[in-house]
Amino acid sequence: MVADLSRYGVWTGGLDQQPSARAVEIVAELEAMGWGAVWIPEAVGRDPFVHAALLLAGTEKLVVATGIANIFARDAMAMNACWQTVTEAHPGRFLLGLGVSHRPMVEALRGHDYSSPLTAMRDYLARMDEAFYIGAPSAEPAERVLAALGPKMLELARDQARGAHPYLVPPEHTAQARAILGPDAFLAPEQKVVLETDPAGARDVARNALGMYLPSLPNYANNLRRLGYSEDDLTAPLSDHLVDALVAWGDIESVTARIRAHLDAGADHVAVQVLPMDDMDRVLRDQRTLAEALELG
């Protein structure tokens with residue numbers, strides 16, 4: 001892996017709600033804590049490439065990764081140009097995460113056809129590889145991973161990308177993903193955490209965050225069904241069993257044990273998302289606590 005993400009990174013959508021200058025300050029703080037990477041999304045907020053360039057310019061060695069850039073947001077030639085541009089400006093410090101997003105986000109918000117996301121991704125990657133680009137080349141190769149949950153997308157991530165960035169998955173999915181990817185592909189799952197020992201309070205925070213995804217986004221729900229979770233688990237309010245599987249909560253030892261469980265299951269890197277997302281002061285405090293417990297400094 002050219003981009004040195006180390007074993008632990010931060011996944012955050014909260015930077016979009018911060019003024020750009022403050023977002024850069026926050027990421028510089030994360031770099032000083034010892035986190036190896038910051039993963040940023042693309043949904044209805046900032047453009048991820050402009051955002052990544054701002055964050056990279058304000059830091060020295062931290063990797064910025066898109067988790068994920070939506071293939072329906074720009075054509076393959078434009079995506080390749082964005083990828084190459086940021087990589088050349090910050091060689092070895094940018095990782096492109098690509099994904100197909102979700103039917104409601106693609107059809108309702110963007111007006112595109114979502115009938116065959118796997119085929120769309122396969123064709124898109126081929127067009128990226130064939131795209132005409134005459135900009136200055138990077139000193140380091142441009143690298144990409146795919147947001148992959150199911151077996152076929154994981155196989156595509158193995159064959160046509162550097163690896164996979166699964167989102168909203170428990171460690172058992174990480175083990176299955178590693179088996180499909182093989183030993184050499186890069187695997188970086190996301191893990192949500194709440195540093196809260198009160199079960200009711202922790203699960204309230206967790207359910208509030210999970211409500212953005214379940215049960216309304218079928219890609220996540222279908223993946224959880226493949227893992228054996230029932231319709232009762234997936235019906236709002238989500239079951240405690242499912243909440244506890246997807247969101248690590250409790251004291252620092254319990255939370256770091258879950259993070260490390262992904263490494264034990266075959267992950268190379270874990271993208272840690274601290275909840276609640278809307279309390280940046282608390283998030284930064286907990287990110288610092290986690291960094292110390294994980295001995296990142």
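Notes on the structure in this doc start here. Keep in mind it's a predicted model, so treat the numbers as computed, not measured. (Residues numbered from 1 in each chain as written. Predicted model: local features only at pLDDT ≥ 70, side-chain atom pairs only at ≥ 80, totals over all residues. Heavy atoms only, no water.)

1. Topic: the packing of aromatic side chains
Ring pairs (aromatic) are described by centroid distance and by the angle formed between their planes. Inspection of every chain in the model, using the stated rule, returns six aromatic pairs. Relative to Tyr167, the ring of Trp11 has its centre 4.9 Å away and its plane inclined at 55 degrees; by these criteria the two rings are tilted. You can see Trp11 sitting in strand β1 (residues 8–11) and its partner Tyr167 sitting in the loop between β7 (163–164) and α7 (171–181), a full 156 residues away along the chain. Residues Tyr213 and Tyr220 carry aromatic rings whose centres are separated by 5.6 Å and whose planes lie at 90 degrees to one another, so their mutual orientation is edge-to-face. (Phe/Tyr/Trp six-rings, centres within 6.5 Å; stacked < 30°, edge-to-face > 60°. Helix = DSSP H or I, 4+ residues; strand = E, 2+ residues; numbered from the N terminus.)

2. As for the pattern of salt bridges
Per the counting criterion, the structure on display carries 16 salt bridges. With its nearest N and O atoms 3.3 Å apart, the salt bridge here joins Arg74 to Asp47. Residue Arg74 is located in the loop between β4 (69–70) and α3 (76–89), and its partner Asp47 is located in the loop between β2 (37–40) and α2 (48–57); the two are separated by 27 residues in the primary sequence. Under the relative-accessibility criterion, Asp47 is labelled partly exposed at 33%. A salt bridge links Arg285 to Asp286, with the shortest nitrogen-to-oxygen separation between them at 3.0 Å. (Salt bridge = Lys/Arg side-chain N within 4 Å of Asp/Glu carboxyl O. Buried < 20%, exposed > 50% of the residue type's maximum accessible area, 1.4 Å probe, protein only.)

3. Concerning the nonpolar core
Counting 64 residues, the largest nonpolar core has Trp35, Leu96, Leu98, Met121, Ile259 and Leu290 as the members making the most contacts within it. Top contributing element to this core by residue count: helix α1 (residues 20–33), with six residues. In contact with Leu96, not counting residues within four places along its chain, are Phe49, Thr66, Ala69, Met79, Trp83, Met128, Glu143, Arg144 and Val145. Membership of the second largest hydrophobic core comes to 37 residues, among which are Trp11, Leu149, Tyr229 and Ala271. (Core = buried A, V, L, I, M, F, W, Y, C linked by side-chain atoms within 4.5 Å. Contact = heavy atoms within 4.5 Å.)

4. Quick look at the pairing of strand β9 (residues 190–194)
Across the five residues that make up β9, a large majority, five, are buried. Going residue by residue along β9, you find Glu190, Lys192 and Val194 tucked away on one face and Gln191 and Val193 tucked away on the opposite face as well. Pairing of β9 with strand β11 (residues 270–274) involves four bridges; the strand directions are parallel. Directly across from Gln191, in β11, lies its bridge partner Val272. Across three bridges, the pairing between β9 and strand β10 (residues 247–249) is parallel. In the strand pairing of β10, Val194 is matched with Trp249. (Pairing = 2+ DSSP bridges.)

5. Some points on unusual backbone geometry
Residues Gly67 and Ile68 are joined by a peptide bond in cis, for which omega reads 10 degrees. Within the secondary structure, Ile68 is located in the loop between β3 (63–66) and β4. The amide bond that connects Ala236 to the next residue, Pro237, takes the cis arrangement and shows omega of -5 degrees. Note that Pro237 resides in the loop between α10 (231–234) and α11 (240–246). Backbone geometry at Ser6 places phi at a positive 60 degrees, although glycine is not the residue there. Residue position: Ser6 is located in the segment before β1. Even without glycine at this site, Ser101 takes up a positive phi of about 60 degrees. If you trace the backbone, Ser101 turns up in the loop between β5 (94–99) and α4 (103–108).

6. Examining helix α8 (residues 199–210)
For α8, spanning 12 residues, the distance from its first C-alpha to its last is 16 Å, which sits close to the expected 16 Å at 1.5 Å a residue. If you check which residues of α8 are buried, you get Ala202, Arg203, Val205, Ala206, Ala209 and Leu210. The arc that holds the buried residues of α8, viewed along the axis, is 155 degrees, so those residues lie on one side. Exposed and oriented more than 90 degrees from the buried face of α8 are Asp204 and Asn208. Buried residues along α8 sit in contact with β9, α11 and β10. (Expected span 1.5 Å × (residues − 1). Arc of directions from axis to C-beta.)

7. A short note on α3
When the terminal C-alpha atoms of α3 are compared, their 20 Å separation across 14 residues agrees well with the 20 Å that a helix rising 1.5 Å per residue should span. All of the buried residues along α3 are Ala76, Met79, Asn80, Trp83, Gln84, Val86 and Thr87. If you follow the buried residues of α3, they end up packed against α2, β4, β5, α5 (117–130) and β6 (144–146). Taking the backbone nitrogen of Met77 as reference, a side-chain oxygen 3.2 Å away marks Asp75 as the first, capping residue of α3. (Polar contact = N/O pair within 3.5 Å; in protein donor to acceptor, adjacent residues only side chain to side chain.)

8. Quick notes on the layout of surface pockets
Approximately 1,100 Å³ is the volume attributed to the largest pocket. Of all the secondary-structure elements, those providing two or more residues to the lining of the largest pocket are α5, α6 (151–160) and α9 (218–226). Top element by residues in the lining of the largest pocket is α9. It accounts for five residues. In terms of residue class, the lining of the largest pocket is made up of 22 nonpolar, 11 polar and four charged. By volume, the second largest pocket amounts to about 160 Å³. What lines the second largest pocket is Asp4, Ser6, Glu31, Gly34, Trp35, Gly36, Lys61 and Leu62. Split into classes, the residues belonging to the lining of the second largest pocket amount to two nonpolar, three polar and three charged. (1 Å grid on protein atoms, 1.4 Å probe; cavity = no way out; pocket = protein on both sides within 12 Å on 5 of 7 lines; lining within 4 Å. Points joined across faces, edges and corners; volume = space filled by probe spheres on them. Nonpolar A, V, L, I, M, F, W, Y, C, P; charged D, E, K, R; others polar.)

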